[in-house]
Amino acid sequence: MRCKTLTAAAVALLMLTAGCSTLEKVVYRPDINQGNYLSPADVQKIHTGMTKQQVAYVLGTPMLHDPFGSDVWYYVFRQEPGHSGITQQTLTLTFNQGGELTNIDNKPKLSDQQ
């Protein structure tokens, strides 16, 4: 009888501690990176007045184009570390009708610490 009680108590204790956050760190979760990785040095190389070909040479092809035209390019990088929060960096480039870069929108701004 005593053996059954101890076994039942051990099983109950194991079930109660199975959801603890300390055990979560033991489980391996791979880092998931998606999109265009842009280094701060690459972003600093682009400036207004550049052509689409020059921007594509520096940054590569964009992840998304404007669905209603080709005047807006989106470079999106999403990073999901295994046990941390998700971060996303979006670089939006706007071109005029002549194909020259007119606006650069970088959210959140890339810093040299990354």
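Rules of the game
- Residues numbered from 1 in each chain as written.
- Predicted model: local features only at pLDDT ≥ 70, side-chain atom pairs only at ≥ 80, totals over all residues.
- Heavy atoms only, no water.
- pLDDT = per-residue confidence, 0-100.
- Helix = DSSP H or I, 4+ residues; strand = E, 2+ residues; numbered from the N terminus.
- Buried < 20%, exposed > 50% of the residue type's maximum accessible area, 1.4 Å probe, protein only.
- Lys, Arg positive; Asp, Glu negative; His and termini not counted.
- Salt bridge = Lys/Arg side-chain N within 4 Å of Asp/Glu carboxyl O.
- Contact = heavy atoms within 4.5 Å.
- Pairing = 2+ DSSP bridges.
- Core = buried A, V, L, I, M, F, W, Y, C linked by side-chain atoms within 4.5 Å.
- Phe/Tyr/Trp six-rings, centres within 6.5 Å; stacked < 30°, edge-to-face > 60°.
- Lys NZ or Arg CZ within 6 Å of the ring centre and 35° of its normal.

## Here we look at the confidence of the model for the protein chain
1) Next: In this model, the protein chain carries an average pLDDT of 81, and 85% of its residues clear a pLDDT of 70 or more.
2) Next: In the model of the protein chain, helix α2 (residues 21-24) stands out as the element of lowest mean pLDDT, 59, in contrast to helix α4 (residues 52-59), which has the highest, 93.

## Describing the side chain of K52
1) Next: Take K52: it is sitting in helix α4.
2) Next: D71 is the oppositely charged side chain nearest to the buried, salt-bridge-free K52, at an N-O distance of 4.1 Å.
3) Next: Those residues in contact with K52 that lie beyond four places of it in its chain are S70, D71, W73, F95 and G99.

## Quick look at the pairing of strand β5 (residues 101-107)
1) Next: Pairing analysis gives six bridges linking strand β4 (residues 87-95) to β5, with the strands arranged antiparallel. Note that in β5 the partner of L91 across the bridge is N106.
2) Next: Counting the residues that bridge the hairpin from β4 to β5 gives five residues, and of these G99 lies at a positive phi of roughly 85°.

## Quick notes on the nonpolar core
1) Next: Listed in full, the twelve residues of the largest apolar core are L38, V43, I46, M50, V55, L59, W73, Y75, L91, L93, F95 and L101.
2) Next: Of all the elements in the fold, those that place two or more residues in this core are α4, β3 (72-80) and β4.
3) Next: A per-element tally of this core places β4 first, with three residues.
4) Next: Discounting chain neighbours no more than four positions away, the residues touching V55 are M50, G60, W73, Y75, L93, F95 and L101.

## Describing the packing of aromatic side chains
1) Next: Throughout the structure, instances matching the rule amount to two aromatic pairs.
2) Next: Between Y37 and F77, the ring centres sit 5.4 Å apart and the planes meet at 75°, which makes this aromatic pair edge-to-face. Here Y37, found in the loop between β1 (32-35) and α3 (40-45), pairs with F77, found in strand β3; they are 40 residues apart in sequence, far enough to count as distant.
3) Next: The ring of F95 carries the charged tip of K52 above its face, separated from the ring centre by 5.6 Å.

## A word on the environment of L59
1) Next: Mapped onto the elements of the fold, L59 is located in helix α4.
2) Next: Sequence-wise, L59 and L38 are 21 residues apart; in three dimensions their C-alpha atoms are separated by 7.2 Å.
3) Next: When residues no more than four places from it in sequence are discounted, the contact partners of L59 are L38, D42, V43, I46, Y75, L91 and L93.

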